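Here is how the chains run, residue by residue.
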Amino acid sequence: MTAGRTNPVARPDTDPVVTTPYGAVRGRYEHGVAVFRGIPYAAPPFGPRRFRPPVPPEPWDGVRDAGAFGPTAPKPPYSEAFAQYLSDPVVPGDDCLNLNVWTPDPGPGGRLPVLVWLHGGALTRGSSAVPVYDGRPFARDGIVFVSINYRLGVEGYGLFPDAPANPGLRDQLAALRWVHESIGAFGGDPAQITLAGQSAGAISIGALIAAPQAQGLFRRAVLQSGPPEAFERDKVRRMVRRMANRLKVPATAEAFATVDRDLLLRTQAEIGRLSSPILGGPAFGIVVDGDLVPRHPLEALVDGDAARGVDLLLGWTRDEYRLWLVPGGLLERVDRLGAVALAGAMARCRCGHEVPRGYRALHPEAGTAETVGQMVTDHLLRLPLQRLADSRPGSSYVYEFAWPSLRPGLGSCHALELGFVFDTGDVPESAKLAGEGAPQELADAMHGAWVRFAATGDPGWEAWDETHPVGVFGEEDRILHTAYGPRDRELALWTAASTRPELAVPVSPDPLTARPLRGTELRSAVRRLRRVGGARRH
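The notes below deal with the structure included here.

About the thresholds
- Residues numbered from 1 in each chain as written.
- Predicted model: local features only at pLDDT ≥ 70, side-chain atom pairs only at ≥ 80, totals over all residues.
- Heavy atoms only, no water.
- Salt bridge = Lys/Arg side-chain N within 4 Å of Asp/Glu carboxyl O.
- Helix = DSSP H or I, 4+ residues; strand = E, 2+ residues; numbered from the N terminus.
- Buried < 20%, exposed > 50% of the residue type's maximum accessible area, 1.4 Å probe, protein only.
- Axes fitted to C-alpha atoms, helices over the stretch in contact; angles between N-to-C directions.
- Parallel < 35°, antiparallel > 145°, perpendicular 65-115°, else oblique.
- Left-handed = near helix turned anticlockwise from the far one by under 90°.
- Contact = heavy atoms within 4.5 Å.
- Nonpolar A, V, L, I, M, F, W, Y, C, P; charged D, E, K, R; others polar.
- Pairing = 2+ DSSP bridges.

Another point: the pattern of salt bridges. Applying the stated criterion across every chain, the model contains 23 salt bridges. Of the charged contacts, one joins Asp-65 and Arg-28 as a salt bridge, the two residues approaching to 2.7 Å between their closest N and O atoms. Of this pair, Asp-65 sits in strand S5 (residues 63-65) while Arg-28 sits in strand S3 (residues 28-30), and the two are 37 residues apart along the sequence. For Arg-28, a relative accessible area of 3% corresponds to the buried category. Note that Glu-232 and Arg-350 form a salt bridge whose closest N and O atoms lie 3.9 Å from each other. Taken together, the residues span a long stretch of sequence, with Glu-232 in the loop between strand S10 (220-224) and helix H6 (233-247) and Arg-350 in the loop between helix H12 (339-349) and helix H13 (354-362) at a distance of 118 residues.

As structure tokens, this is what we get:
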């Protein structure tokens, strides 16, 4: 899908003009808010700059028009099964390291709070042009809103022997530095910057707030459905090597730079087809690089001095896993796999049979797919986020989004909260996931909480402490209420269980009591489950 590049007619006498460090830009007034789109924060990352860290853009003379979204980073489209739920516009062009600003007061002196948004998409898809991410409601409510594009997939997260690691994360740092230096001219306060993101965007924020080079560039952070994490380097190398084998080129940045860009994207999509957040597999991700990411981000945040004094808003949706299992009927197929699915989940989480046995005891009505989905979500997402909150009592706030989509089967799935956070439930792209008729009062509450957090550091419910207060949105007939430790019983199973990877994993018609599975049998079970659920993370 190509984005409609609607560019309201420029009115030089009345349009807002702001001067950035590289030149002046002309935006538009839309619905009482000034909007500047497609502002370059770095030079196009192609030619000799491909696979390299970002460099500043070339300054320009005169006034640059900023009425339309800039180019999006190269990316493959979503599969047909996912495209019915998720939108991902494409804007062609090489100048993809750009950002957008919505502001109620385009001029110095405003000193308004700033929210910088990093989109999700598994670090392989997504962009700031997704209509759900319209920043107008934030600007309407007194927040200067910034959204950015950054390199994706092999261009942004490929690991090569002849190029620096994490160029996509370096793009994000360059954009954050641009915001810190420039946002005052748009009415923002560089001392009140909140980083916010969802899924891969939240994972990126976890790495940025832990990065020594980013300290002092932000005041608050919002991590929606994404924990601070770093991939094993070998996992990312495997993805690159498999692409290289398919392309019949060396696994180097120099060789990949010679490959046709469309062919590279198709190959990336083919190799990543059998990977998923639930079951793992080869994928791109942030890695420890000894520089921007000197250690695992979660460890740096929990045990180190990174981001001390930074307010945190952390959370998840109740049924994250359903976005990956419902499209294409995968939920039913995983249920049919039964024991094999549980074996795959135990291998993914490196746990023994006591963990799924505990989930079955707590939720005897749950099918295999729900047990697998909640197990993996707790292990990969909720546990690390709760560990982060435990390390920052008094300045961390935890939420859960519980409202179920009006579309069949999705429940409170991954990414469903976005239209409510942005108060953009009226755009068709929100209805693709939420269905028609999503409650406006829920959007008012959730968007209002994010606005309050960006402005004050307090979203409106109790800060995290030993009672584990969680702000729950949309549960049954309640818009927002506080629950205490709603996930404690499930998360305690992981504390009690051994997580040695060599533990036997039982597989049989009764997977919680049968003989153990080891070695090649276990790998075969995991591969079989991946073939059933070859879906990509949002």
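Still more ground to cover, so stick around.
In the contact formed by H13 and helix H18 (residues 488-496), the axes pass within 9 Å of each other and the chain directions differ by 160 degrees. Relative to H18, the element H13 lies roughly antiparallel. Between H13 and H18 lies a crossing whose hand is right-handed. Contacts from Val-355, Gly-358, Tyr-359 and Leu-362 in H13 reach Arg-489, Glu-490, Leu-493 and Trp-494 in H18. Here the residues of the contact of H13 with H18 are counted per class, giving five nonpolar, one polar and two charged.

Here strand S4 (residues 33-40) lies mainly inside the structure; eight of its eight residues are buried. Note that S3 and S4 share three bridges and pair antiparallel. Looking at the pairing, Arg-28 lines up with Val-35 of S4. Where S3 folds back on S4, the antiparallel hairpin that results is connected by two residues, among which His-31 adopts a positive phi of roughly 55 degrees.

Structurally, Phe-145 can be placed in strand S8 (residues 144-148). Of the residues examined, Phe-145 reaches a relative accessible area of 0% and is grouped as buried. Once the C-alpha coordinates of Phe-145 and Asp-134 are considered, the two residues, 11 residues apart in sequence, prove to be 9.2 Å apart. Setting aside chain neighbours within four positions, we find Phe-145 in contact with Asn-100, Val-101, Trp-102, Leu-115, Trp-117, Tyr-133, Gly-135, Phe-138 and Phe-422.

Quick look at unusual backbone geometry now. Of note, Ala-122 is a non-glycine position whose phi angle comes to about 65 degrees, a positive value. Here Ala-122 lies in the loop between strand S7 (112-118) and helix H2 (136-140). Judged by relative accessible area, Ala-122 falls into the buried class, the value being 3%. Phi at Ser-199 takes a positive value of approximately 60 degrees, unusual for a residue other than glycine. Mapped onto the elements of the fold, Ser-199 is located in the loop between strand S9 (188-198) and helix H5 (200-210). Judged by relative accessible area, which is 1%, Ser-199 ranks as buried.

With that settled, consider the pairing of strand S11 (residues 311-317). Taking burial as the measure, the seven residues of S11 include seven buried ones, the bulk of the element. Alternating residues of S11 divide into Asp-311, Leu-313, Gly-315 and Thr-317 and Leu-312, Leu-314 and Trp-316, and every residue in both groups is buried. Judged from the five bridges that link them, S10 and S11 form a sheet pairing that is parallel. Considered in S11, the bridge of Arg-220 is made with Asp-311. Of the strand pairs in this sheet, S11 and strand S12 (residues 396-401) are connected by six bridges, and their pairing is parallel. Residue pairing in the sheet places Leu-313 in a bridge with Tyr-397 of S12.

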